[in-house]
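# Coordinate analysis (summary)
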Amino acid sequence: MLDALKCCPVDRPPIWLMRQAGRCLPEYRDLKETFSFRQLIRTPELAAEVSLQPVRRFHFDAAILFSDILVVPEAMGQGFRFREAGGVEMDFILRDRHDLQRLNTQGISDRLQYVAEAIRLIKSELGSEMALLGFVGSPWTLASFMLEGGSSGAHTQALQLFRRDRALFDSLCEELTLAVIEFLQLQINAGVDAIQIFDSLGGLLPVEDFDEASGHWMRTIVTALNGQVPVIVYSKGARNWKSLVKTRAHAIGIDHEVDLAEANRLLPAHVVLQGNLRPDLLASAEPQAVAAEATRLLELMRNRDGYIFNLGHGVPPNAKLENLEALVSTVQNFV
């Protein structure tokens, strides 16, 4: 497991869940009756409360910062809002070099101080008994939202730019990489114990393009952090294992479309694996089925020194509380 997380158990795999673990909770929904999502992430006291809710209820081995990957583009000058029909919409679409010049990587830390304050509040509650994970979106994934103008069923613009105007694509990713590094340093300085890079749209890239379009930038970020805290890279749908290992991340998150046995066989023993229970089971199955599948994964990874139990993607909003309780109990009582 991750050596730096001293408070995690040493006799079994630690368990923490992907972002959004709290959105199925009644206490979170109560807050949403009064506050918008943006108010929750931008108000340190509220962000801290939402971060702590899943830990209080389920006793995970780590808390996860409540925030959003799009706070980085917003801090650079491309804000976002939530559409009434669902998804997000950026304030403008990034189309050309003129639009790129509208972005500003200066003062990122100043504009994201509300995140640092939330981290300090969470750490004051957690003390030394539990780890706190920070996170950020990868440059490729952030660029995809920025070039698309928000959520999209296709997300084709980033790959088109990568192939049509490589210089402009690289300029955008360089700016994003600088912003991400500064944001992660802010999180580390505020007290997070580990970082996860969410390359949520990594699977949109053909295997042959993945390293140059995404892997390279994540590798630059991991290198810049210089081992201050463990880094987990989660690239949903990506299958360029060589590039993911080359990032030199301490751990690689495995999505639920991958056979964990295959990942265990293909990835080097020194790399910690994280994953990969199917999230839909938490909504559609019964507790006994969730426990059985969790046990299967735990048995599969029994002999791997570095393993973190997790989902293969985010917690669905309609997850059943009894299923989450069964999952946590299964992992924490595994021997």
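The coordinates are above.
Rules and cut-offs
Residues numbered from 1 in each chain as written. Predicted model: local features only at pLDDT ≥ 70, side-chain atom pairs only at ≥ 80, totals over all residues. Heavy atoms only, no water. Helix = DSSP H or I, 4+ residues; strand = E, 2+ residues; numbered from the N terminus. Buried < 20%, exposed > 50% of the residue type's maximum accessible area, 1.4 Å probe, protein only. Lys, Arg positive; Asp, Glu negative; His and termini not counted. Salt bridge = Lys/Arg side-chain N within 4 Å of Asp/Glu carboxyl O. Contact = heavy atoms within 4.5 Å. Phe/Tyr/Trp six-rings, centres within 6.5 Å; stacked < 30°, edge-to-face > 60°. Lys NZ or Arg CZ within 6 Å of the ring centre and 35° of its normal. Axes fitted to C-alpha atoms, helices over the stretch in contact; angles between N-to-C directions. Parallel < 35°, antiparallel > 145°, perpendicular 65-115°, else oblique. Left-handed = near helix turned anticlockwise from the far one by under 90°. Nonpolar A, V, L, I, M, F, W, Y, C, P; charged D, E, K, R; others polar. Pairing = 2+ DSSP bridges. Core = buried A, V, L, I, M, F, W, Y, C linked by side-chain atoms within 4.5 Å.

Tracing the sequence through the fold places Asp 199 in strand E5 (residues 194–199). With no salt bridge to any partner, buried Asp 199 finds its closest opposite charge in Arg 239, at an N-O distance of 9.9 Å. Not counting residues up to four positions away in its chain, the partners in contact with Asp 199 are Ser 138, Trp 140, Thr 141, Phe 210, Ser 214, Met 218, Tyr 234, Ser 235 and Lys 236.

Moving on, we come to the packing of aromatic side chains. Overall, the coordinates contain 10 aromatic pairs when judged by the stated rule. An angle of 65 degrees between the planes, with centres 6.1 Å apart, marks the rings of Tyr 28 and Phe 66 as edge-to-face. Taken together, the positions of Tyr 28 in helix H1 (residues 26–34) and Phe 66 in the loop between strand E1 (62–64) and helix H4 (71–76) put the pair 38 residues apart, joining distant regions of the chain. Ring pairs connect the aromatic residues Tyr 28, Phe 37, Phe 66, Phe 80 and Phe 82, which therefore count as one cluster. One Lys or Arg, Arg 38, reaches over the ring of Phe 80 and ends 5.0 Å from the middle of that ring. In this structure, Arg 102 is placed above the aromatic ring of Phe 92, and the distance from its NZ or CZ to the ring centre is 3.7 Å.

Contact geometry of helix H3 (residues 44–58) with helix H7 (residues 113–126) gives a least axis separation of 8 Å together with a crossing angle of 45 degrees. Judged by the angle between their axes, H3 and H7 are oblique. Classified by chirality, the crossing of H7 by H3 is right-handed. Within the contact between the two elements, H3 uses Pro 44, Glu 45, Ala 47, Ala 48, Ser 51 and Leu 52 and H7 uses Tyr 114, Glu 117, Ala 118, Leu 121, Ile 122, Glu 125 and Leu 126. Within the contact of H3 with H7, the residues separate by chemical class into 9 nonpolar, 1 polar and 3 charged.

Residue Asn 276 is reached from Gly 275 by a cis peptide bond, and omega for that bond is -15 degrees. Tracing the backbone shows Asn 276 in strand E8 (residues 272–277). Phi at His 155 is positive, roughly 50 degrees, even though this residue is not glycine. You can see His 155 is positioned in the loop between helix H8 (139–148) and helix H9 (157–164). With phi around 65 degrees, Arg 248 is a residue other than glycine that occupies positive phi space. Secondary-structure assignment places Arg 248 in the loop between helix H12 (241–246) and strand E7 (251–253). Exposure remark for Arg 248: the relative accessible area of 67% places this residue in the exposed category.

Taken together, 7 strands build an open sheet; the order of strands is E1-E4-E5-E6-E7-E8-E9 and the sheet is parallel. A single partner strand is all that each edge strand has here, and the edge strands are E1 and strand E9 (307–311). Here the average twist between neighbouring strands, direction ignored, is 25 degrees. In this sheet, strand E4 (residues 131–137) lies alongside E1 in parallel orientation, the contact comprising 3 bridges. If you follow Ala 62 over to E4, its bridge partner there is Ala 131. Across the face of the sheet, H7 comes into contact with E1 and E4 while running at roughly 155 degrees to E4.

This brings us to H8. A large share of H8 lies buried, amounting to 10 of its 10 residues. Residues of H8 that are buried: Pro 139, Trp 140, Thr 141, Leu 142, Ala 143, Ser 144, Phe 145, Met 146, Leu 147 and Glu 148. Two residues or fewer after H8 comes Gly 149, characterised by a positive phi angle close to 85 degrees.

Next up on the list: the pattern of salt bridges. By the definition in use, this model includes 20 salt bridges. Several salt bridges share partner residues, and in doing so they unite Arg 81, Arg 83, Glu 89 and Asp 91 into one network.

With that settled, consider the packing of H9 against helix H10 (residues 166–190). Contact pair H9 / H10: the axes reach a minimum separation of 5 Å and the direction vectors enclose 125 degrees. Compared by their axis directions, H9 and H10 come out oblique. For the pair formed by H9 and H10, the contact residues are Ala 158, Leu 161, Phe 162 and Arg 164 on the first element and Arg 166, Leu 168 and Phe 169 on the second.

On to the nonpolar core, then. Across soluble globular proteins, nonpolar side chains show a tendency to be buried alongside one another. Ranked by size, the top nonpolar core spans 126 residues in total, and within it Phe 309 and Leu 327 carry the most contacts. The dominant element in this core, judged by the number of residues it contributes, is H10, at 13 residues.

Just geometry here; none of it tells us what the structure is for.
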